[in-house]
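So the chains spell out like this:
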Amino acid sequence: MTTPALLPLSGRRLPPLNLGASAFPHHRATLRLSEKFILLLILSAFITLCFGAFFFLPDSSKHKRFDLGLEDVLIPHVDTSKGGKNLGGFLIHGQGHDEHRHREEEERLRNKIRADHEKALEEAKEKLKKSRDEIQAEIQTEKNKVVQELKKKDSKPLPPVPLPNLIGINSGEPADPDIREKRNKVKEMMKHAWDNYRQYGWGHNELKPIARKGHSTNIFGNSQMGATIVDALDTLYIMGLHDEFREGQEWIDKNLDFSVNSEVSVFEVNIRFIGGLLAAYYLSGEEVFKIKAVQLAGKLLPAFNTPTGIPWAMVNLKSGVGRNWGWASAGSSILAEFGTLHMEFVHLSYLTGDPVYYNKVMHIRKLLQKMDRPNGLYPNYLNPRTGRWGQHHTSVGGLGDSFYEYLLKAWLMSDKTDTEARKMYDDAIEAIEKHLIRKSNGGLTFIGEWKNGHLERKMGHLTCFAGGMFALGADGSRDDKAGHYLQLGAEIAHTCHESYDRTTLKLGPEAFKFDGGVEAVAVRQNEKYYILRPEVIETYWYMWRFTHDPKYRQWGWEATQAIEKYCRVSGGFSGVKDVYSSSPTYDDVQQSFFLAETLKYLYLLFSNDDLLPLDNWVFNTEAHPLPVLHLANTTLSGNPAYR
């Protein structure tokens, strides 16, 4: 049986792995070694200079000249009055004059070596007077200089691209004082999460709010890449927390480095880092975010070097070596991972004028279109070497979810001109409705999972995003079924609200069953946890935007209060291990997506519709808003990626 640390939490989120201080046992020894090395270096330089003075200074009694064996030196003739004979426009200096000149040269060199020797001796004495901490600080300063120089070399200027018409960046203040108060409460929760990360986890990927220290999982490799900073930027911006935004921008400018020997999840780094950096760029116009996004994208491209062009799940940012998760159906790539690159990669081509990103994701689409699909369903696993499906497991939750989301959003982001993506979405949704969507005995609509010809009557928290997806895709659906899909979205939202309402904490479990008399309730202990996930609130927000039914704001406020009551701790916000327990224990992780998604969707739920209107913005699967690329944009029509 695979251990929980290796199992995927979802197609969107991959498994956490604690890396404590014990993972770095040689840290102190390394510092001591560096200091000894510096001292040895100084002494060796001193000894070298001494030997140089003895053995390499020219001796005038043995070496009269430094003329490379030439008896006379030819010099272009300028003046014949200086003791030389004129010969065809050149001067030939006599030997006596030459010897005098070289004696002066010898003396000059001797003086220079003596001065360098004395200077090195003084520097060595000064070094020996310094403490270990001072020497270490100097070493770090030199390292930082080297890093900054490398960054300057990497920061190649990108072609100027006018921003699309950006609407609704600083709007959304509700007139209703009650709604405004709720929105301000969400903003205060965001500030609490950020301030504690700033104090206890700064530069680390995530925060352990109870232990009050940094945290990371294996999806980010072994590097401190500041995932929470990048993920939270656009939320800070739209909430008007501009001082905090500038703090994050400064850290990114000075510290975010992708030339690290670290193996990362291509999918997670794409949706969190590239998506977060692009959104921050579009909202603020700050060039550093665009430059960093393009630098990182270049590091991900080697993951596509497979026989089929389907990317590996993991790639080493330094070596470019890729691989897949060991548990994923005999080394397969995962549908939700290689199918959730389109939005970000299209924007990369748009901003750089380089079609390579666009071509990578379109190649994936073309390959999928050619393949047979059992019952019209896309299995979750595809082998990147053979181009064949892995085990026939289909899910709109973990491992599959955001693939379907990105088909719809590719169409929306293209100003509804990418009809190929819309057709793929419509075909997929029809197959899902036919084979996966059912009603429980109690009348709850749910989306099950297809496993080897059998429907498992279980729904994950991650699947709850689909209610919002159905509502978002209702307009433009086939056969004038907009009303049908809006209703389907409402039914999914209701089911997911029930999964929250039927717990002790009023927070939803990771997965819940619909077997017999058990409905919308988790059965297994390892499915009873809540890790600050956003998907249910995401659906509430979309349903609110399309219906303005006040129950969605009420449900969102219930969730806000539950998070505040049971997940808030003095050092931030933590997930809980059992939503059915009146005395829950904490998992002690403040996920980066809590700041990127959960709090953002709650803030938008209590804002007016003119904040990031859906006609102008499309949210990636990490809730990072990217602008619709209208065909009226000259940059789009003139961009080689779209010709």
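Residues numbered from 1 in each chain as written. Predicted model: local features only at pLDDT ≥ 70, side-chain atom pairs only at ≥ 80, totals over all residues. Heavy atoms only, no water.

A. Just the overall build of the protein chain, in detail. Along its length, the protein chain carries 19 helices and 22 strands. By residue count, 54% of the 643 residues in the protein chain fall in the buried class. Residue pairs at least 24 apart in sequence account for 69% of intrachain contacts in the protein chain once pairs closer than 6 positions are excluded. A total of about 28,400 Å² of accessible surface is found on the protein chain, and carbon and sulfur atoms cover 54% of it. (Helix = DSSP H or I, 4+ residues; strand = E, 2+ residues; numbered from the N terminus. Buried < 20%, exposed > 50% of the residue type's maximum accessible area, 1.4 Å probe, protein only. Contact = heavy atoms within 4.5 Å. Areas by Shrake-Rupley, 256 points an atom, 1.4 Å probe, with all protein chains shown as cover.)

B. Representation of the packing of helix α14 (residues 465–472) against helix α15 (residues 482–501) within the structure. Where α14 meets α15, the closest approach of the two axes is 7 Å, and the angle between their N-to-C directions is 165 degrees. In terms of orientation, α14 and α15 fall into the roughly antiparallel class. Here α14 runs over α15; the crossing is left-handed. Facing α14, whose interface residues are Gly467, Phe470 and Ala471, α15 presents Tyr485, Leu486, Leu488, Gly489 and Ile492. (Axes fitted to C-alpha atoms, helices over the stretch in contact; angles between N-to-C directions. Parallel < 35°, antiparallel > 145°, perpendicular 65-115°, else oblique. Left-handed = near helix turned anticlockwise from the far one by under 90°.)

C. Representation of the sheet that holds strand β8 (residues 322–323) within the structure. In spatial order, the strands read β6-β7-β8; together these 3 strands make up an open sheet with antiparallel pairing. Only two strands of the sheet have a single partner each, and these edge strands are β6 (263–265) and β8. The pairing of strand β7 (residues 314–316) with β8 spans 2 bridges and is classified as antiparallel. Counted as the bridge partner of Val315 is Gly322 from β8. Across the sheet, helix α7 (residues 266–284) touches β6 and β7, and the angle it forms with β6 is around 70 degrees. (Pairing = 2+ DSSP bridges.)

D. A look at the pairing of strand β18 (residues 518–521). Where strand β17 (residues 511–515) and β18 come together, 3 bridges link them in antiparallel fashion. The residue bridging Lys513 from the neighbouring strand is Val521, located in β18. Where β17 folds back on β18, the antiparallel hairpin that results is connected by 2 residues, among which Gly516 adopts a positive phi of roughly 60 degrees.

E. Region of interest: the sheet that holds β18. If you trace the 3 strands from one edge of the open sheet to the other, you get β16-β17-β18, paired in antiparallel fashion. Every other strand in the sheet has two partners, leaving β16 (458–460) and β18 as the edge strands with one partner each. Strand-to-strand, the axes of this sheet are offset by a mean angle of 20 degrees, without reference to chain direction. Two elements, β16 and β17, share 3 bridges in a ladder whose sense is antiparallel. Counted as the bridge partner of Lys458 is Lys513 from β17.

F. Inspection of unusual backbone geometry at higher detail. The phi angle at Asn452 is positive, at roughly 50 degrees, despite the residue not being glycine. Given the relative accessible area of 61%, Asn452 is considered exposed. At His548, a residue that is not glycine, the phi angle is positive and equals roughly 55 degrees. With a relative accessible area of 40%, His548 lands in the partly exposed category.

G. Looking closely at the side chain of Glu206. Mapping Glu206 onto the fold places it in strand β4 (residues 206–208). In this structure Glu206 comes out as buried when scored by relative accessible area, which is 1%. Within the structure, the side chain of Glu206 is placed 2.8 Å from the backbone nitrogen of Ser592, a separation counted as a polar contact. With residues up to four places along the chain from it excluded, the contact list for Glu206 reads Tyr197, Lys213, Gly214, His215, Thr217, Phe220, Thr228, Arg272, Val589, Gln590, Gln591 and Ser592. (Polar contact = N/O pair within 3.5 Å; in protein donor to acceptor, adjacent residues only side chain to side chain.)

H. Examining the environment of Glu456 more closely. Residue position: Glu456 is located in strand β15 (residues 454–456). With a relative accessible area of 18%, Glu456 lands in the buried category. Discounting chain neighbours no more than four positions away, the residues touching Glu456 are Gly448, Glu449, Lys451 and Lys513. Side chain to side chain, Glu456 and Lys451 meet in a polar contact 3.2 Å long.

I. Main features of the environment of Asn111. As for its placement among the helices and strands, Asn111 is situated in helix α2 (residues 95–129). Judged by its relative accessible area of 36%, Asn111 falls in the partly exposed class.

J. Structural detail: the UniProt feature "active site" (unreviewed entry) in the protein chain. Mapped onto this numbering, the UniProt entry gives "active site" (unreviewed entry) at Glu268, Asp401, Glu510 and Glu535. With respect to the element layout, Glu268 can be found in helix α7. Since its relative accessible area comes to 0%, Glu268 is described here as buried. Here Glu535 is to be found in helix α16 (residues 535–547). Looking at Glu535, its side chain comes within polar contact range of the side chain of His461, at 3.2 Å. (UniProt positions renumbered as here; feature names shortened; annotations may be inferred.)

K. View of helix α6 (residues 242–255). If you check α6, its first and last C-alpha atoms are 20 Å apart, about what 14 residues at 1.5 Å a residue would give, namely 20 Å. Of the residues making up α6, those classed as buried are Glu244, Phe245, Gly248, Gln249, Trp251 and Ile252. All buried residues of α6 project into a common sector of 160 degrees when viewed along the axis, lining one side. In this fold, the buried residues of α6 make contact with α4 (177–200), α5 (227–238), α7 and α8 (287–300). (Expected span 1.5 Å × (residues − 1). Arc of directions from axis to C-beta.)

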